[in-house]
Amino acid sequence: MFEDINRVFIVILILSLILVYSKEEIDATLFIVLFAIIGAVFTGFVFNAESTDFFAYIPLQTLTFLIFMDIFIKILVKNKIFEFFTVKLIHLTHANIRFLFYLLCIASALVSGIMEDVSVALIINPIIFRTARILKFKAKPFIMGTTVSILIGNLLTPFATPVSIIISSGFNLNMGWYFKYFAILFIILLATSLLLIDRFYIKKLPPPSEKDVQILMVIMDPELLIINKGRFYRLILYLVIMLICIALNILPFLVVTLITVFTLIVEKLKFNNVLKNANWNLLFLYCGLFILIGCMTINKTIEMIQSVLSNLIGGNLILAIAIIVIFGSLLSSFVSKSLTAITFIAIVSNLFLVTFTDPVDQVILIIAVNIAVLVGGNFVPQASSFILFTIDMAKSEKVSDLTYQTFKKEMRKYSFLSVSITLVYYICLIIILKLPTLLSLGS
């Protein structure tokens, strides 16, 4: 009896996160940690589990990678590395509106492959607002372009976002895997989105006057951003080395940790100051979520869900894909991408042991999880914290046509477009992956 009560109670705690995430005034992390502690104590009492049993579900390598990558990126941001290259693009284009639009959006997509989305928005958006004010054009098309570019850039690498890190760690995916299965989709989505925004918005923007361009060139001088030239170029070198090592899959979490610590020592940065700026909120958030999923594993809720799904799916790959993509997209959009990713990793991993033992089928389902969370989970602005951050920034900049309702409307359009293109791409990819099997059956 107590076992069933515990299962229902843990599910209620997790469903309560829907309410927690829907209230902006509530600190979601505090509630998740509280729920995790209550859930662990109750589950431990009922199922006679030790505290170490719950901590075993927290992936230390993943969280180590997450926190040290965050520290390193913040060091780069503080030293204006990415801001320098963004301003350089303005000078390179001589403020040609269309050329600048494409370069800024492509840069946003590429940078979001290595940097947390909020940081990208923090760097790119203020420059867009400032440029739009000086050159007297509407910032909205540029902001919408960089917003969708950042979302598309999340497909590039296994460390593009904290959620990407969770998924790649859960399924042991590396840089090569993402390039193999998502590079073409990345190009198609980015090209289609930018061409449509260009056609309907950017083309209609009037060209700036030469006087305004000259003012912009003087005000936004990239060389003014370099305070310490030696450190500036060394940090770029550290970043390149890190990316090469990660691309070659050389113990990513150790490489990121080593390079970050090496940077702190060589550049004589105070560790205490850096730690204060680290995103510890994110770390506690994921610890809480993993402990809750651990509770569901210990009390066998995950096993029961997997059993029900196995009976429902009955080995039907298409039905499994539909369930993952549909429910994964809805949960990612309206509940939490992180919670959805962690839950589906646990469920799908169990399905691999019983129902889908074919490696090709497993790859297809892993792609489905990525698509559901990274592409399908963008139906509403609150699904991505950087979009809410952008809305607040637009409000402080007094940009009247970039409200929550504006983003809600535009995100629906983008989601419909991106999901449609992705599903067509995914179907073609499934046919290619399953072709050898189909040909062998035919013969």
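Structure: see above.
Rules behind the numbers
Residues numbered from 1 in each chain as written. Predicted model: local features only at pLDDT ≥ 70, side-chain atom pairs only at ≥ 80, totals over all residues. Heavy atoms only, no water. Core = buried A, V, L, I, M, F, W, Y, C linked by side-chain atoms within 4.5 Å. Buried < 20%, exposed > 50% of the residue type's maximum accessible area, 1.4 Å probe, protein only. Contact = heavy atoms within 4.5 Å. Axes fitted to C-alpha atoms, helices over the stretch in contact; angles between N-to-C directions. Helix = DSSP H or I, 4+ residues; strand = E, 2+ residues; numbered from the N terminus. Parallel < 35°, antiparallel > 145°, perpendicular 65-115°, else oblique. Nonpolar A, V, L, I, M, F, W, Y, C, P; charged D, E, K, R; others polar. Salt bridge = Lys/Arg side-chain N within 4 Å of Asp/Glu carboxyl O.

**A closer look at the nonpolar core**
Moving on, step 1. Phe142, Ile167, Phe171, Tyr286 and Leu365 are the most contacted members of the largest nonpolar core, which has 159 residues in total.
Moving on, step 2. Every residue in contact with Ile167, bar those within four places of it in the chain, is listed here: Leu173, Tyr178, Ala341, Ile345, Asn370 and Val373.

**Section: the packing of helix 15 (residues 280-298) against helix 16 (residues 301-313)**
Moving on, step 1. Between helix 15 and helix 16, the least distance of the axes is 4 Å, while the angle of their chain directions is 70°. With respect to their mutual orientation, helix 15 and helix 16 come out roughly perpendicular. Within the contact between the two elements, helix 15 uses Ile293, Met296 and Thr297 and helix 16 uses Thr301, Ile302 and Ile305.
Moving on, step 2. When grouped by side-chain class, the residues that make up the contact of helix 15 with helix 16 number four nonpolar, two polar and no charged.

**Overview of the pattern of salt bridges**
Moving on, step 1. Following the criterion strictly, the structure yields 12 salt bridges and no others.
Moving on, step 2. We note a salt bridge from Asp70 to Lys74, for which the minimum N-O separation is 2.9 Å. Of this pair, Asp70 and Lys74 both sit in helix 4 (residues 60-78), four residues apart, which is roughly one turn of the helix.
Moving on, step 3. Where Glu83 meets Lys80, a salt bridge forms, and the shortest distance between an N and an O atom there is 3.7 Å.
Moving on, step 4. Classification of Glu83 by relative accessible area gives buried; the value is 18%.
Moving on, step 5. On the basis of relative accessible area, Lys80 is assigned to the partly exposed category, the value being 30%.
Moving on, step 6. Salt bridges linked by common partners bring Lys140, Glu410 and Lys413 together as one network.

Fair warning: the whole summary comes from geometry, so function is off the table for now.
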